[in-house]
Every structure is written in structure tokens, then in C-alpha cells.
Amino acid sequence: TTLLRLAILSSYFQFLIARDLISRNPVSRVDRPRKPRPQPRSLTQPGIQALLRAVPNNRSGRRDRAIIITGLLTARRKSEVLGLTAGDIEDDGGMVTYRYRGKGGAVKRRELPQVAYHAICDYLGGKPAEVLQPGDRLFPVHPQGFYLNLQRYLRRAGFTPAGVHMLRHTG
């Protein structure tokens, strides 16, 4: 509540400065207490295994498993993983790569770990280039739908709910 009150006072004094009623903000000299930054949540190896065991072995479960594994192994943001299309995956026979649009709109290409590629192929029932058109999304799920599924899997695995961003910090 102290930080909130200081912020309110500071805003009020900034308003007065903008109206040329005062010349400086007296609150700007007050030392504000700092809250420690929370550590990002992540899973241990046994935790990852427990989470993957909690995912059902049906079509949507295989999709979610592929999303989870891809997120864990690539450390990409939720939008970057869920935005992947069949045309973003290239399999040259030796190495599989994926193209993604990162923060700020930059398009980048990285190696896709074999485990993630196999999870994607298992979900699709074949290689992306063989079963989808280049512009088709690999994971046709709404971000909120995947988030809710992830919460359910985390609860089944004995964990407290966490955001999808947790996958980025694990590994």
C-alpha cells in the first residue's frame, strides 16, 4: 500500500507540474521499497516427465504434448510455438529446422530438436510437409484453450497452476 500511495502522490504532483503550479515533484526524492523479483518457475526433469504422463493419449493430447515438448526444447514464446505452420518446418534429411517470427517481427531459423519433430509427426500422423499445406498451422488451438489444458495437466501431475511461459524457463 505504501508504493501505491507514493505512486498516487507522485502522479498528482506530476499533474501540478504540467499545469505550472509547482516546479518539482517532492515524491521523486523518496526512496521506494523494492520488492524482490520473483524467480521464474520451471520444472525439473522428473517434473517434466510427470507433466507429460498427465497428458492424455488422444488427438488433442498428442497435439498438446507436441506443443509442450516443442516449447520446452526450443524455449520459444507461446505465440512463436503456436504460430508455427507446416511451411516453417524444413526436413533436409539430416537436420530439421523451423522458422519463427520472434519478438519485434524478426524472422529467424533454428534447428528443431528431433524429439520435438517426432512429437509433431506423431500428432499429425506423418511429416508436416506430407499431411499439411505450407500455410496450415501445426497446432490449430487457441492460446487460451492450450493454457486451460496445460492447467489441467499440471494439476493432474500434482503441480500448482502456472503460465505457458514456464515452459520457456525449463530445460
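It should be emphasised that the depicted structure is a prediction, and the values quoted were computed from it without experimental measurement. Each chain has its residues counted from 1, following the order in which its sequence is written. pLDDT decides what is reported in this predicted model: residues at 70 or higher carry local features, side-chain atom pairs at 80 or more are listed and counted, and totals for whole chains, interfaces and linings draw on all residues regardless. Values reported for side chains reflect all heavy atoms of the structure, with hydrogen atoms and water molecules removed beforehand.

## Some remarks on the pairing of strand β3 (residues 107–111)
Two strands qualify as a pair provided DSSP detects at least 2 bridges between them. Helix and strand definitions follow DSSP, with helices as H or I runs of at least four residues and strands as E runs of at least two, each counted in order from the N terminus. Where strand β2 (residues 96–101) and β3 come together, five bridges link them in antiparallel fashion. When the bridges of β3 are listed, R101 appears paired with V107.

## Quick look at helix α2 (residues 45–54)
Here α2 has its buried residues at G47, I48, A50, L51 and A54. All buried residues of α2 project into a common sector of 165° when viewed along the axis, lining one side. In α2, the exposed positions that point more than 90 degrees away from the buried face belong to Q45, P46 and R53. Type-normalised accessible area, obtained with a 1.4 Å probe on protein chains alone, sets the label of each residue: buried when under 20%, exposed when over 50%, and partly exposed for intermediate values. It is the directions from the helix axis to the C-beta atoms that the arc portrays.

## Quick look at the nonpolar core
Side-chain atoms within 4.5 Å link the members of a nonpolar core, which is a set of buried Ala, Val, Leu, Ile, Met, Phe, Trp, Tyr and Cys residues. With 37 residues, the main nonpolar core has I68, L112, L138 and F139 as its most contacted residues. Of all the secondary-structure elements, those providing two or more residues to this core are α2, α3 (59–74), α4 (78–82), β2, α5 (114–124), α7 (143–156) and α8 (165–169).

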